[in-house]
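Single-letter residue listing:
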Amino acid sequence: MYGSRDPGSSASMADQGSASGYLNGKKPPAFTWEVRANDRNYHLQFKKKFAFYLTKKKYAGNAIKTAKYNILTFLPLNLYEQLHRMANVYFLFVILLQTFPEISTLPWYTLLFPLSCLLTIRGLRDLIDDIGRHQSDRKINSRPCEILSGKRFHWQKWRDICVGDIVRLRKENFVPADMLLLWSSEPSSLCYVETADIDGETNLKFRQALLVTHQELVSEESMAAFDGKVICEEPNSRMHSFTGTLEWKGEMYSLDSERILLRGCKIRNTDVCYGLVIYAGFDSKIMRNCGKIKRKKTKLDHMMDRLVIIIFLVLLLISLCLAIASGFWARRFQEKHSYLSTLYKHTTPVKQAFFNFWGFTILLSIIVPMSMYITFEFIYLVNSFFINWDLEMYYAIKDIPAKARSTSLNDQLGQIEYIFSDKTGTLTQNIMSFKKCCINGTIYAGMGMGHENKQPSRSGLTWSHRADKKLEFYDPVLLEAVQQDTDPVLREFLRLLALCHTVMVEENDNQLVYQAASPDEEALVLAARNLGYVFLARTQDTITISELGVKRTYKVLAMLDFNSDRKRMSVLVRDPEGTIRLYTKGADTVILERLHRQGPNETVTEMALDHFAAETLRTLCLASKVVSEADYSKWSRRYHEASVLLQDRARELDKVYEEMEQNLQLLGATAIEDKLQDGVPETIQLLKLGNIKVWVLTGDKQETATNIGYACKLLTDDMEILEEKEISEILEAYWVSNNNLSGSGEALCSSRLFQQCPEASRHKKRALIINGDFLDKILHTGEVLKNGRERLGQWLACFKATGSQEQGSLVEKAFVDLATSCQAVICCRVTPKQKSLIVQLVKKHKNAITLAIGDGANDVNMIKTADIGVGISGLEGMQAVQCSDYALAQFRYLQRLLLVHGRWAYLRICKFLRYFFYKTFAGLMAQVWFSFHSGFTAQPLYEGWFLALYNVFYTAYPVFSMGLLEQDVSAKKSLEFPELYVIGQRDELFNYRIFGMTLLHGVSTSLASFYIALWAFEDRVGSKVVGDYESFAITVATSAFLSVIVEIIMDTKFWTALSFLMVTASVLFFCLFSFLTQNIHAFKIAPAIFRFPDASKNALTDPYILLIVLLSLVVNTIPSLTIRLYRTIMGKTTIQQKIRLKTKREPEPSVELHAHIRRGSFHRRSSYAFSHKEGYAGLITRGDSLRVKGTRSTVLSLLHQETTPASSSFHVPSA
């Protein structure tokens, strides 16, 4: 969290002065980063080692490079990456074997061609992705900026910025590097920034320059002469902290994060500012949080790599056995037939066995065919097009379709177990809307946008020209009550909304423009404006408002600032009649306990708060009181004494505030809606039913994130919320019990984790809410436990003795076990790097498939780390989309992406793999059986053309259509029954057991096809006395081919025209190529290539052969039919049967946005509507944030007088 300044401090800028006493004139040993202003040569002389003895510049340039390849590195690096796939290594090995003519069965280039095609397809895909990254880098690096060069500012590119440069920024500019703020056009050199790309928040934050630079650097000449030296910490990823000093003119000044503008921030409400570049390019904090591009592989990819190794080892074992058998057979044959010894003069049985080993290896290598991987790529590509073409995921309002940016991860979309989501811009729209209020016991509920036809009734009002036409809240009853102006409580309620805030106002083209530190504040002020109480202006000690058209000015006596402990803010004013009034707004839990008395109106208000909270609205209680002159005089003295304290100022001020904020009179309550994206609650409900856990990782504060958790139904009222205290106690107890164990088993330790929970809570639904600071402590070797009780001192000594790395890993695992046992997890105030770390921990300790979804640069690291990264095309730019695997316009489309496309893709790929392996084993394992009857030689059973075309034309198309279009249920049913998604999470459709069954099925099919034909051919009978080797090969091939086709037909669940076409095409191709490759004329032209003249014609026209084929087909089909019949009889229901059974049951209740269980006030969750940090009240009361009249026009006129950017001048605004 950003640091904050004590409110009301009269010495707020004095503490920016000389820090030499604190620093003792010495540079702290950790501060090794030295930056000298306007001195590029100084920084160029420093080098640092980065690999072996190579060095590079210590101070990075500002150009960034997120692309992986360049012209020189693409080919070698991409090939290196592709050879990490075991299948490619396997194919390359087989090609190398084919280069030896003694053992070659096919020319080596015939295998090199398909491998080259495969590598080219994947290489082009990687190249296209990388070109997109190059274009993005070029666009960012070419952004214009003004850099001080010599004595003038010149327009240059972001990539030209160096450490030590002074850069000028204007309103709406993005900050190009991490910079020390030197001066701004705002009073006291304040600079307002929006950090949406860093922490997802769009509310404004302020930075402030040092007093010395604000006063001294007042012209371009003084900027050019500035020679200060910044000494600070080395570049790091800590987004919310900075420690350093500025040395200038013999003095040293302390620096913190309040002085730093981070790369990626946007300058808002500040005309011009100047900064000194501290960290550039990849040294900047946001880039340090971005992480590296990782090559992602699916779970099935990893399994396929292992299967290839297993298959290759089995293949080598089979080849070795057959080679040994061939050696024995050759020796026995030579002994038995010695008259043929001249044929074996130049060989021996051992040599023959050696060559046969490699011959079998090559012959059987087609069990893992290259065509499978090429078909793989096409299936992935087409399924990606299906995602791109899905109109259900097309966002018509902004014309944004879904886009599959990666084409090789589709099946993993069907196996997601954890979703890590950003909040702002992903779950919410970050738009606050005033929805309801309760005033003096009366509830007013806005009628919303459906009643614009009643809006013209405002036209007769005196304040109608000030009203915000876009405000959705409209209640005619409340409007009438305001016009009558007879209710003093209503008057005070609206007056409070117009007075008690830190909003700044400007007038632009006769329109009031509010600049709020948070969208909540703006929503309340706009609501008051639409109801006739218009905030017009403020000075350091006054606020001017218009009350029903009458202008009134209130003197501000004190502003009692908000902070996260107080959970409220107050303003003490003297009205035009001279009465002193205190107006307070804050969380219900703190306001209600400070009331003077409890009456009927308070009871109604509490009921209203219950009602508002049940609708997941962000609530505030409003109260006021009249303060006597005597009480104010006494309190004012104590307030002044506390505000000038040098020690414990904040604590003493809180005590003084507490004295004033007592005996309040309740005015009412407000309810603000933090608008969710459309369909978010329904989507999260569906995902939870699909056994997918959703974690929210946000940079926002805890109260806001918790409220959104309830709004989107991630949190429910019956959940037990675990926060810091409970988590510490559970982990502490776990740690102590773990260290008392003998270390015999980590599983035992993990099982004891939840024994630490109270008995009553063990069976309840639980949610875990944690912030970034606490997470850091947990993950840094159990540091959080050091804050526990003193009895842990003994444990800490033990911890140091046992090795921190192992113990730290146990704490990580304990935390992950605890978090994953909860139904919901919300992590607040986390940095981009922490988001990535959380994803890594779940992947590491749970071996789970993860998905990260976000819309800003602060989500990039998380998106890169997760197995699947989804970018939302939102308001925060396209950084997340550019680094993502899939791009969506709305969070709600995630349900269709996973539950429909993901599940279908997983189903299709699994069936494709299963049947590709089945058809390969069924057709080609006959080579092994044939070797037992061919003297264990590596002679092929089949014609060479059959081997070449079997996996390309004969059997590929039906399997290909299955991989493209197969469905078990429709898209509608997939969404109605999200429980079906569990199949992919459990790897039920393709695993080692399924592969083993597929192997046995294929082997049994090949055995039946081979030995039924062999048994029939032993009699050598038939109408044409067919009994030769060629006819036998054709019979076995036809039996295996038709068995495979029938098996695929039986298991296809979703038939389309393409499915029929593919099956028909396979049979026709088999007939066509058999005729072409076995044509007698082709044999005459090239007998060495076309070796089976008229074999199919002779064999397949013989009724006897056809009966053999039919018998083999029946025998091969019976096991599949038997298994299906067994499952039906024994009650093992299919998916469709499960759906029909569930449909007959009572339907699930629909997802609603309103809670049905009413909460009592004693356990109402407080979802108060504050989202800005403390410190703004102090800025206002000191006048730091207020422009003196004429200041802005002077600055603007000076800026407009510049003829060219390169020769612009720089002046201090007039006072």
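What you see is a predicted model, and the numbers here were worked out from it, not measured in a lab.

(A) Focus on the overall build of the protein. Counting its regular elements, the protein contains 44 helices and 35 strands. Taking the contacts inside the protein whose residues are at least 6 apart along the sequence as the reference set, 76% of them involve residues at least 24 apart. Summed over all atoms, the accessible surface of the protein reaches about 51900 Å², with 59% contributed by carbon and sulfur.

(B) Local environment of the side chain of aspartate 422. Tracing the chain through its elements places aspartate 422 in the loop between β17 (418-421) and β18 (428-439). Only 3.4 Å separates the side chain of aspartate 422 from the side chain of lysine 835, close enough to count as a polar contact. Ignoring any residue separated from it by four or fewer positions in sequence, one finds aspartate 422 in contact with Leu427, Leu697, Thr698, Lys835, Ile853, Gly854, Asp855, Asn858, Asp859 and Met862.

(C) Molecular detail of the pairing of strand β8 (residues 190-194). Of all five residues in β8, five are buried; the element is thus mostly enclosed. Because side chains alternate across β8, one face comprises the buried residues Leu190, Tyr192 and Glu194, and the other comprises Cys191 and Val193, equally buried. When β8 meets strand β9 (residues 204-208), the two strands line up antiparallel, connected through five bridges. Of the residues in β9, the one forming a bridge with tyrosine 192 is phenylalanine 206. The sheet contact formed by β8 and strand β14 (residues 266-268) spans three bridges and is antiparallel. Considered in β14, the bridge of valine 193 is made with isoleucine 267.

(D) Broad picture of helix α30 (residues 894-924). Compared with an ideal rise of 1.5 Å per residue, which puts 31 residues at 45 Å, α30 spans 42 Å between its outermost C-alpha atoms and is within 8% of the ideal. Along its length, α30 shows its largest kink, about 30 degrees, at glycine 902.

(E) How the structure looks around the UniProt feature "transmembrane region" (unreviewed entry) in the protein. In the numbering used here, UniProt assigns the "transmembrane region" (unreviewed entry) feature to residues 83-100, 307-330, 357-382, 944-965, 994-1017, 1029-1050, 1057-1076 and 1104-1126. Note that residues 357-382 is 81% helix and 0% strand, and that its end C-alpha atoms are spaced 40 Å apart. Along residues 994-1017 one finds 100% helix and 0% strand; the C-alpha atoms at either end are 34 Å apart.

(F) Main features of the packing of aromatic side chains. For the structure on display, the rule yields 53 aromatic pairs. Here the basic side chain of arginine 143 rests over the ring of tryptophan 158, its NZ or CZ set 4.9 Å away from the ring centre. Geometry around phenylalanine 174 places arginine 143 over its ring, the cationic atom sitting 5.3 Å from the centre.

(G) Structural detail: the sheet that holds strand β26 (residues 580-586). Taken together, the nine strands give an open sheet; going across it, the order is β19-β18-β28-β27-β26-β25-β24-β23-β22, and neighbouring strands pair in antiparallel fashion. Sheet topology places β19 (442-445) and β22 (533-538) at the edges, where each strand pairs with a single neighbour. Geometrically, the sheet is characterised by an average inter-axis angle of 30 degrees between neighbouring strands, direction not taken into account. Bridging between strand β24 (residues 550-560) and strand β25 (residues 568-574) involves five bridges; their strand directions are antiparallel. Paired with lysine 555 across the two strands is arginine 574, which belongs to β25. Along the sheet, helix α17 (residues 600-614) contacts β18, β19, β27 (618-627) and β28 (665-676); its crossing angle with β28, the most-contacted strand, is approximately 5 degrees. The strands that helix α21 (residues 702-711) touches are β18, β27 and β28; relative to β28, the one it contacts most, it runs at about 70 degrees.

(H) Representation of helix α4 (residues 86-98) within the structure. Spanning 13 residues, α4 covers 19 Å between terminal C-alpha atoms, matching the ideal 18 Å at 1.5 Å per step. Those residues of α4 that sit buried are Ala87, Asn88, Tyr90, Phe91, Val94, Ile95, Leu97 and Gln98.

(I) Local environment of the sheet that holds strand β32 (residues 824-828). An order of β16-β35-β34-β33-β17-β29-β32-β31-β30 is seen for the nine strands of this open sheet, with the pairing classed as mixed. Both edges of this open sheet fall to β16 (403-404) and β30 (720-722), since each of them pairs with a single strand only. Alignment of strand β33 (residues 850-854) against strand β34 (residues 868-872), held across four bridges, turns out to be parallel. The residue bridging leucine 851 from the neighbouring strand is isoleucine 868, located in β34. α21 contacts β30, β31 (766-771) and β32 of the sheet and is inclined by roughly 155 degrees relative to β32.

(J) Inspection of the nonpolar core at higher detail. In this structure, Tyr373 and Phe990 are the most contacted members of the largest nonpolar core, which totals 91 residues. For this core, the element with the highest residue contribution is α30, accounting for twelve residues. Once residues within four sequence positions are removed from consideration, phenylalanine 990 is found in contact with Leu300, Met303, Leu307, Tyr906, Cys910, Leu913, Arg914, Phe917 and Phe995. One finds Ile147, Leu148, Val212 and Leu276 within the second-largest nonpolar core, a separate group that totals 56 residues.

(K) Broad picture of unusual backbone geometry. With a phi close to 55 degrees, lysine 249 is a non-glycine residue in the positive phi region. Tracing the backbone through its elements, the reader meets lysine 249 in the loop between β11 (244-248) and β12 (251-255). Positioned with a positive phi, aspartate 987 is a non-glycine residue whose angle comes to about 55 degrees. The topology assignment puts aspartate 987 in the loop between α35 (982-985) and α36 (992-1017).

(L) Representation of the packing of helix α33 (residues 956-965) against helix α37 (residues 1029-1051) within the structure. Taken N-terminus to C-terminus, the directions of α33 and α37 make an angle of 20 degrees; their axes are 10 Å apart at the nearest point. As summarised for this structure, α33 and α37 are arranged roughly parallel, according to the angle between their axes. Seen from above, α33 lies across α37 with left-handed handedness. Along its contact with α33, which presents Pro958, Val959 and Met962, the element α37 presents Ile1045, Ile1048 and Asp1051. Considering only residue class, the contact of α33 with α37 consists of five nonpolar, no polar and one charged.

(M) Layout of the pattern of salt bridges. Applying the stated rule across the entire model yields 61 salt bridges. Residue arginine 618 pairs with aspartate 520 through a salt bridge whose shortest N-O separation is 2.6 Å. Of the two residues, arginine 618 sits in strand β27 while aspartate 520 sits in helix α15 (residues 519-530), which places them 98 residues apart along the sequence. The exposure classification of arginine 618 matches that of aspartate 520, with both residues buried. In the salt-bridge network here, residues are joined through shared partners; they are Glu492, Arg495, Glu547, Arg552, Asp575, Glu577 and Arg581.

(N) Geometry of the pairing of strand β5 (residues 152-157). Alignment of strand β4 (residues 144-149) against β5, held across six bridges, turns out to be antiparallel. Among the inter-strand pairings, isoleucine 147 is bridged to a residue of β5, identified as histidine 154.

(O) Highlighting the environment of arginine 288. Looking at the secondary structure, you find arginine 288 in helix α9 (residues 285-288). We classify arginine 288 as partly exposed; its relative accessible area is 35%. Apart from the residues within four sequence positions on either side, arginine 288 is in contact with Pro235, Asn236, Ser237, Phe282, Asp283 and Lys833.

(P) The arrangement of the confidence of the model for the protein in detail. Averaged over the protein, the pLDDT score is 80; the fraction of residues at 70 or greater is 81%. A low-confidence stretch, residues 758-762 (pLDDT under 50), is modelled with five contacts involving residues beyond four sequence positions or located in other chains. The model gives residues 1189-1215 a pLDDT under 50, and that stretch makes 52 contacts with residues more than four places away or in other chains.

(Q) Summary view of the packing of α30 against α33. α33 packs onto α30 with a crossing angle of 165 degrees between their chain directions and a minimal axis gap of 7 Å. As judged from the angle between their axes, α30 and α33 are roughly antiparallel. Both α30 and α33 take part in a crossing whose hand is right-handed. Contact with α30, carried on its side by Arg908, Lys911, Phe912, Tyr915, Phe916 and Lys919, involves Ala956, Val959, Met962, Gly963, Leu964 and Leu965 of α33 and no other residues of that element. Its residues placed into classes, the contact of α30 with α33 shows eight nonpolar, one polar and three charged.

(R) A look at the environment of leucine 1007. Tracing the sequence through the fold places leucine 1007 in helix α36. In this structure the C-alpha to C-alpha distance between leucine 1007 and valine 1036, which are 29 residues apart in sequence, comes to 9.8 Å. Those residues within four positions of leucine 1007 in sequence are excluded, and the remaining contacts are Trp929 and Ile1012.

Conventions we followed
- Residues numbered from 1 in each chain as written.
- Predicted model: local features only at pLDDT ≥ 70, side-chain atom pairs only at ≥ 80, totals over all residues.
- Heavy atoms only, no water.
- Helix = DSSP H or I, 4+ residues; strand = E, 2+ residues; numbered from the N terminus.
- Contact = heavy atoms within 4.5 Å.
- Areas by Shrake-Rupley, 256 points an atom, 1.4 Å probe, with all protein chains shown as cover.
- Polar contact = N/O pair within 3.5 Å; in protein donor to acceptor, adjacent residues only side chain to side chain.
- Buried < 20%, exposed > 50% of the residue type's maximum accessible area, 1.4 Å probe, protein only.
- Pairing = 2+ DSSP bridges.
- Expected span 1.5 Å × (residues − 1).
- Bend = angle between axes of the 7 residues up to and from the residue.
- UniProt positions renumbered as here; feature names shortened; annotations may be inferred.
- Phe/Tyr/Trp six-rings, centres within 6.5 Å; stacked < 30°, edge-to-face > 60°.
- Lys NZ or Arg CZ within 6 Å of the ring centre and 35° of its normal.
- Axes fitted to C-alpha atoms, helices over the stretch in contact; angles between N-to-C directions.
- Core = buried A, V, L, I, M, F, W, Y, C linked by side-chain atoms within 4.5 Å.
- Parallel < 35°, antiparallel > 145°, perpendicular 65-115°, else oblique.
- Left-handed = near helix turned anticlockwise from the far one by under 90°.
- Nonpolar A, V, L, I, M, F, W, Y, C, P; charged D, E, K, R; others polar.
- Salt bridge = Lys/Arg side-chain N within 4 Å of Asp/Glu carboxyl O.
- pLDDT = per-residue confidence, 0-100.

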